[in-house]
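Now for the letters of each chain:
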Amino acid sequence: MDKLLEVKDLCKTFSNGNVQQHVLKNLNIEIYKGDFTIIMGSSGSGKSTLLYALSGMDKPTLGKITYGDEEISGYSNDKLALFRRKHCGFIFQQNYLNDTMSVMDNIMVNGLLVQKDRKAIYNKACELLSKVNIGEESYNKYPGQLSGGEAQRVSIVRSIINSPELLFGDEPTGALNSQNTVNVLDVMTELNNQGQSIVMVTHDIKSARRGNRILYLRDGVIIDELRLDKYVSGDRERHVKVKEFLEKMGW
Amino acid sequence: MKTWLIAKSNMKKKKSNVVVLFLLIMIATILLYSSINIVKNVGSFLDDKNESVNGAHLDIITSKGFDKEISDIIKSIKQYDDYIKTDTLIPTADAKIDNTDIKGDDETMPVCLNVYDPEHKDRICNYKIIDEGKEWTEDSIILPYYLKTVKGYKTGENFEVTIDEQKEKFKIYGFIENVMISNPSTISVYECFIEKNRFDDIKDIDGLSLMDRFRVRLTDMNKSGDASDYFMSEINKNVDSEQFILYMEIFYNNMKTGASLFISILMAILAIFAVLIIAVALIVIRFSLNMYIESNLPNIGILESMGYTSSQLRMASVIEYVIITVVSIVAGLLTAFGISEKIAVIVSNSVGVKWESSIDAVVIVISAVAILSVVLLISLLTSAKIKKITPLDALRNGIHTHNFSKNHLPLLKSRLGVNSSIGIKSMLRQKRQSISIALIIALVVFSGVTVFTLYYNFVVEQDALINLVGLEKPDIMLKAKNNDNYGSIDFTKKCEKLREDKNVKYAMTYTVSSMIIKNKDKNMNIATEIYEKPDRVELDTLISGRVVKNDNEITISNLVAEKLGVKKGDTVIIESSKQEKSYVIVGITQRTSNLGISMVMSQEGAERVNSKIIPDTAYIYLKDASDIKGEIERIKKDMKDGDEISYTNFDEIYENILSSFTASLNILCVVFVIVTIVVISLIILLVIKMKIVREKRNMGVFKALGFTTMQIIWQNVMSFAPVISFGSLIGVIVGKMAVNKGCTMMLSLCGIAKANLSIPWFIIIGLFLATTVVAFVMCILVSTGVRKIEPYKMITEQ
């Protein structure tokens, strides 16, 4: 398996006056190419903190994060921005689409960060939007005029418009109803099947099932992990395996 | 009490906005109070000043030997109260003054020398001496207060008066304030007082003429114009002698208006600045309130869910701004009282009389109520938004007021870079805010065009000012050195000879004669300007018709036309020395000097009504005026008439006449530059700060997506800089088109129908570029605040 991201002795401490909170403690993990990695854990275990440290959105307090040959943990904010632009895509729990821009502009604005050919970005956006079932009639709508599921699917297209090597999801279905959750997860699964590496934080077992690797975090430390095959719809055995693993973790 | 607690907490939360508002309202209060105070009180101040020394209402200087006739006429004035007659020395030759303790301050200006006797002070014009010296000696001289304020002269310094190359040395003993002869822009003469024996010693020197001075008190100073008209008409009727010279006849109302005119215009401009700053403060309140509502929706929701009514929350916001405004007004008024001495210098420079500031309760109330009421109105209107917020809306952070109607500048079609496109999209989306900003900038820049145009025309080039003042400006003026020579020197012949000089562009004779102009039952006495060739006069004061070409033609100023009820093409009767002739009005002119009263005719025209009128002055216009002093020496040598004729460099006289304007305008320009930079900076600071608060999340997401801080700063710059540049462009364009009209409106007080100010392109382009650059730099500086936005926190905080 090709290693995409390597984390060594990662620590993250938040300070508030004299009070210090150690959220991540000497954490070591590797993220592999093509994997759909799920990070689970109870509230306050440090799931999101780990995700944002891995993605270069936040800087670690201690430790080393290496992406390929690049050690990103010492990068400045602007260098991290360039790193994210080049290698990462993000889907957040809230869609975080820019509510002052149309659907198409929300996608174009990300695409134009990497390439200048507007027509090519537009064509790719149209192709991706159609894959996530967003019709042409929605291109000029504003995020406020879309349903939650539609907006989240648009945010997925925004996140992959630059074909990132690694797609990060921070509970991307957390704010959606069950039907929209399935739709979004289907899109992500499809992307993974096409070779997209994904790291996703979730506390939902249905979402966790989609991954082929589940890391369980407790008190800032990964206490165990579960390896699975690629997701296939209707795989009952997979569900049982995930459930047992999580129960074992005390979830 | 509850609302006060909320207001207090709000103020604590937005300290920077409170400071900005405090500063703006304080500056506006200082400007508004000071300007209204001066405009309101300058007239009564001058009246009080004049009355405190039992000042004259008519001041008349005539040749000797006519005191009986003159005093009879004075006593027959309806409003006559009292008069004194004194001797005075008037230079008939080139007169120079020089404070020898200050290098390079010598100037050419007529001086009127009078006797001062500390033991027997004059009954009328019993001046108080400012900075009085210790000992009154034969060397002592008392100077006008104007020379102390504008030139910085001090008691004890050495002072020299040069009459026709003969130097008289003095020591400055002190300064006096005379409202009637306060500064050279009202009347071009310095009134000085010397010791009696010294006066007697120098009275016979060449170039000085001993004359009678009549200072008259009236029972009603407001009727001084009528008294002057009566006096002049009686002189025309009763004094018919070639020996009679009326050197000066001025009346109180005329001189008072002249002295206070320019400071009133300056203060009007300051008041406009104050209004501008108040407008900016109101916009700050709007921004600040909107920002508070948007960024505090959950808190509003919580307070409403606890049972606070929207009216209580609204009242808390209103109280907050009322408190800030009241504190700022008090601070502004206290500062205005504190800096009143500095403001007094500006006023004293312009008026020529020591301005003593007083606290005016009416002006305090006017300024405070005006500012407070607009603040109250705007905060009530803006806070009305709170009424529409339900607790649920607020708690969900969810009032969506965004207009989805149009997607401006779709990124697919935009030819600009992605960051520029995002910036411009944001600018177009917030149309109302962009229009407000553009409007304020346009107003500020328009004021800038006005101030710099006035500065350019009044200080740098001065041609427009010369045309407005309405006094012809030759390069050299020739006059007889001694009044005894009056009539014996043929200036017409001199001019003929001068016209043959290779360096002389033109030369012509000039004189002033008092005449009565009549139309039906109306008549006016006017000091008529008589030129040998009125069509060669360089002054351009004509607003309609043409200049005088024939001997039966005259031009009159618009104020004269108005008073007599005549217009261009009408025929009027002119009377001089009891003789009458009819003349056609061929043109209407305008001027500020002599309160806008003017009549011009040709020498031939003057002789047509009174053959005894002969020219007493020659004007020389040089082909190259770069070395007037050198040319004077050369012409004097060629003409060989230096003994009987004085040659005056007119350029220097004019410079002194205009110096009171230039001193005040310099200060005004500095005030403008500071106000502009403060206003532009504050606007940018607020709108960008508000944008950062409003769009914090979007900016955080942009950062998460991979936008760098510089890219987001550029987006901000592009969302404001074009608006400011556009506002600036509108300001300069409107300024270019309307400044003349605006200035004419201000000058219409003294009969100016058109200002004819030249507005050079470098002012237009310079102001546009300067505003744009300041805006650009400020946008970048203020936008650096986005550095603090961390994408991770933005997302996790939601």
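Note that the structure is a prediction, hence the values are computed from the model and not measured. Residue numbers restart at each chain and count upward from 1, following the sequence in its written direction. By the order in which they are written, chains take letters starting at A while ligands take numbers starting at 1. In view of the model being predicted, local features appear only for residues whose pLDDT reaches at least 70, and side-chain atom pairs are presented and counted only at 80 or more, with totals across whole chains, interfaces and linings using the full set of residues. Heavy atoms throughout the structure, all of them, feed into the side-chain values; hydrogens and water do not.

Undergrad: Summarise the overall build of chain A; cite the residues concerned and give the values.
TA: Think of it this way: any DSSP run of H or I at least four residues long counts as a helix, any run of E at least two long counts as a strand, and we number them from the N terminus. In terms of regular secondary structure, chain A is built from eight helices and 10 strands. For chain A, the spread of C-alpha atoms along the principal axes amounts to about 50 × 45 × 40 Å. Categorising residues by exposure relies on relative accessible area from a 1.4 Å probe, with only protein chains included: less than 20% of the type maximum marks a residue as buried, more than 50% marks it as exposed, and the intermediate range marks it as partly exposed. Across the 251 residues in chain A, those meeting the buried criterion constitute 58%. Here the contacts in chain A between residues at least 6 apart in sequence split such that 71% fall between residues at least 24 apart. Methods summary: accessible areas were calculated by the Shrake-Rupley approach with a probe of 1.4 Å, and residue burial reflects only the protein chains presented. Total accessible area on chain A is roughly 10,800 Å²; 44% of this is exposed by carbon and sulfur atoms. Averaged over its 32 positive side-chain charges, chain A has a centre that lies 1 Å from the centre of its 31 negative ones. The contact criterion used throughout is that any non-hydrogen atoms of two residues lie within 4.5 Å. Counting rule applied: Lys, Arg positive; Asp, Glu negative; His and chain ends not counted. By convention, the charge on Lys lies at NZ, on Arg at CZ, on Asp at CG and on Glu at CD.

Undergrad: Can you lay out helix α19 (residues 628–639) of chain B for me, pointing to particular residues and giving the numbers?
TA: All names here are of chain B. Any helix carries an expected span of 1.5 Å times its number of residues minus one. Here α19 is 12 residues long and its end C-alpha atoms lie 16 Å apart, about the 16 Å a rise of 1.5 Å per residue gives. Here α19 has its buried residues at Ile-628, Glu-631, Ile-632, Ile-635 and Met-639. Across the axial projection of α19, the buried residues extend over an arc of 105°, all falling on one side. Taken from the residues just after α19, Lys-640 is the one with a positive phi, measuring 55°. What the arc covers is the set of directions going from the helix axis to the C-beta atoms.

Undergrad: Hey, could you go over the pattern of salt bridges for me, with residue numbers and the actual values?
TA: Residue and element names in this part refer to chain A. Here a salt bridge means any side-chain nitrogen of Lys or Arg lying within 4 Å of a carboxyl oxygen belonging to Asp or Glu. Applying the stated criterion across every chain yields a total of 39 salt bridges over all chains. Lys-12 serves as the salt-bridge partner of Asp-58, at 3.2 Å between the closest nitrogen and oxygen. Note that Asp-58 is positioned in the loop between α1 (47–54) and β4 (62–67) and Lys-12 in strand β1 (residues 3–16), a separation of 46 residues in sequence. Taken as a pair, Asp-58 and Lys-12 share a single burial class, namely buried.

Undergrad: Before we move on, could you go through the packing of aromatic side chains and cite the residues and values that matter?
TA: All names here are of chain B. Each Phe, Tyr or Trp ring, with Trp reduced to its six-membered ring, pairs with another whose centre is within 6.5 Å; inter-plane angles below 30 degrees give stacked pairs, above 60 give edge-to-face pairs, and intermediate values give tilted ones. Counted according to the given criterion, the structure contains 22 aromatic pairs over all chains. Aromatic pair Tyr-510 and Tyr-619: ring centres 4.8 Å apart, planes at 20°, arrangement stacked. Placement of Tyr-510 in strand β13 (residues 504–519) and of Tyr-619 in strand β20 (residues 617–622) is noted, with a sequence separation of 109 residues between them. With a relative accessible area of 13%, Tyr-510 lands in the buried category.

Undergrad: An account of the sheet that holds strand β9 (residues 190–194) of chain B is needed here, citing residue identities and associated values.
TA: Residue and element names in this part refer to chain B. When DSSP finds at least two bridges between two strands, those strands are taken to pair. Sheet architecture is open: 11 strands sit in the order β4-β3-β7-β8-β6-β9-β5-β2-β10-β1-β11, paired in mixed fashion. If you trace the sheet from one side to the other, it starts and ends with β4 (107–108) and β11 (246–251), each paired once. Here helix α3 (residues 67–76) sits on the sheet and contacts β1 (58–63), β2 (80–91) and β10 (208–218); the angle it forms with β2, its principal contact strand, is near 145°. Axis definition: a line fit to C-alpha positions, over the contact stretch in the case of helices; interaxial angles, taken between N-to-C directions, run 0 to 180 degrees.

Undergrad: Describe in detail empty space enclosed by the protein, supporting the description with residues and values.
TA: All names here are of chain B. Points on a 1 Å grid over protein atoms alone make up a cavity when a 1.4 Å probe fits among them but cannot get out, and a pocket when they form an open set with protein on both sides within 12 Å along at least five of seven lines; lining residues each have an atom within 4 Å of a point. Grid points are joined across faces, edges and corners, and a volume is the space filled by probe spheres set on the points. According to the stated counting rule, one finds eight cavities of 30 Å³ or more in the structure shown. One number sums up the size of the largest cavity: a volume of about 130 Å³. Lining the largest cavity we find 16 residues, and of these Ile-422, Lys-691, Glu-695, Phe-702 and Gln-715 sit closest to its centre. Looking at the lining of the largest cavity, the elements with two or more residues in it are α13 (418–429), α21 (696–705) and α22 (709–747).

Undergrad: With reference to specific residues and values, describe the domain arrangement of chain B.
TA: Domains assigned within chain B are domain 1 (58–73 + 81–223), domain 2 (413–466 + 658–798) and domain 3 (490–643). Segmentation of the chain into domains, including their bounds, is taken from an automatic or database domain assignment. The C-alpha centroid of domain 3 of chain B is placed 49 Å from the C-alpha centroid of domain 2 of chain B.

Undergrad: Give a detailed account of a nonpolar patch on the surface, specifying residues and quantitative values.
TA: All names here are of chain B. Surface patches are drawn from residues lacking salt bridges whose relative accessible area is over 30%; two like charges belong together within 9 Å, two nonpolar side chains (Val, Leu, Ile, Met, Phe, Trp, Tyr) within 5 Å. Where nonpolar side chains cluster on the molecular surface, the patch consists of Phe-726, Leu-729, Ile-730, Ile-733, Val-734 and Met-737 and spans about 530 Å² of accessible area. Within the secondary structure layout, Val-734 lies in helix α22. On the basis of relative accessible area, Val-734 is assigned to the partly exposed category, the value being 35%.

Undergrad: Which residues make up the sheet that holds β4 of chain A, and what are the values?
TA: Residues and elements named next belong to chain A. Overall, antiparallel pairing links the four strands, which are arranged β2-β1-β4-β5 in an open sheet. The open sheet terminates on both sides in strands that have one partner only, identified here as β2 (19–32) and β5 (70–71). As paired elements, β1 and β4 share five bridges and run antiparallel to each other. The residue of β4 that forms the bridge with Glu-6 is Thr-66. Against the sheet, α1 makes contact with β1, β2 and β4, and its axis sits at roughly 60° relative to β2, the strand it touches most.

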